Amino acid sequence: GVPTGGGGGIVQIKYAIKNDTQSIASVGYSDTPTDVSGLSVSITPKFSTSKILVQVNIGCHGSTANAANTFRIYRGSTNITVTSADTDNRHGASVFYNSNNTSMGIPASFSVLDSPATTSATTYKVTGYTNSGTLYINRLPGDSSWNTISTLTVMEVSA
């Protein structure tokens, strides 16, 4: 059951796993970032006072020397990883830079504690961005037979 009193209990958990691979092409700094397919979860909070803990784990590689890459979490159309008015794709939850390596692999892990203040169905999703070349999800750039998984976990936590 839902705890009473001090709160802080997990009310429900939603989970998405991405087993397939994806190649995200570069776009401009202010263009719409690309959805990471499969990393989207809908949750209907039981209480409007609840917080939603959103946890992301992504296996990724950049393909191009001196490219930079970011990820973001959206609640609906609202970016909750940086100020929602910030449309600069260079600002994200997780940033990695390929330096002079043409294949830099970074497992991206990050979380956001959100307060959606609703009991309506709410969708959380992950987007990816690179400013040059290709951002590879769940695979190596040069050998697509080396794969990882990516996950999105969304937890309602009582107030």
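Computed from a predicted structure; not experimentally measured. Position numbers for residues start from 1 in each chain and track the written sequence from start to end. Only residues with pLDDT of at least 70 get local features here, since the model is predicted, and only at 80 or more are side-chain atom pairs given and counted; chain-wide, interface and lining totals rely on the full set of residues. The side-chain values count all of the structure's non-hydrogen atoms but skip hydrogen atoms and water molecules.

**Brief notes about the side chain of Gln 12**
Put simply, the rule reads: Helix and strand assignments follow DSSP, with helices taken as H or I runs no shorter than four residues and strands as E runs no shorter than two, numbered in order from the N terminus. N or O atoms closer than or at 3.5 Å make up a polar contact, with two conditions inside protein: a donor-capable atom paired with an acceptor-capable one, and, for residues adjacent in sequence, both atoms drawn from side chains. Contacts are residue-level and defined by heavy atoms, with any inter-residue pair within 4.5 Å sufficient.
Take Gln 12: it is sitting in strand E1 (residues 10-18). In this structure the side chain of Gln 12 is engaged in a polar contact, spanning 2.7 Å, whose partner is the backbone oxygen of Thr 44. Among the polar contacts made by the side chain of Gln 12, one reaches the side chain of Glu 156 at a distance of 2.8 Å. The residues touching Gln 12, leaving out its near neighbours within four places in the chain, are Ile 43, Thr 44, Pro 45, Lys 46, Val 154, Met 155 and Glu 156.

**Considerations on the pairing of strand E2 (residues 22-25)**
Worth spelling out the cut-off: Only protein chains enter the accessibility calculation, which uses a 1.4 Å probe; a residue is then buried when its area is under 20% of its type maximum, exposed when over 50%, and partly exposed in between. Each pair of strands is called paired provided DSSP finds at least two bridges between the two strands.
By the alternation rule, side chains of E2 split into Gln 22 and Ile 24, which are all buried, and Ser 23 and Ala 25, of which none is buried. As paired elements, E2 and strand E10 (residues 134-137) share four bridges and run antiparallel to each other. When the bridges of E10 are listed, Gln 22 appears paired with Ile 137.

**Structural notes on the pattern of salt bridges**
The following threshold applies: Basic side-chain nitrogens of Lys or Arg form a salt bridge, by our definition, when they fall within 4 Å of a carboxyl oxygen of Asp or Glu.
For the structure shown, the criterion picks out four salt bridges. The closest approach of N and O atoms between Lys 18 and Asp 20, which form a salt bridge, is 3.0 Å. With a shortest N-O distance of 3.0 Å, Lys 125 and Asp 35 are connected by a salt bridge. Residue Lys 125 is found in strand E9 (residues 122-130), and its partner Asp 35 is found in strand E3 (residues 34-43); the two are separated by 90 residues along the sequence.

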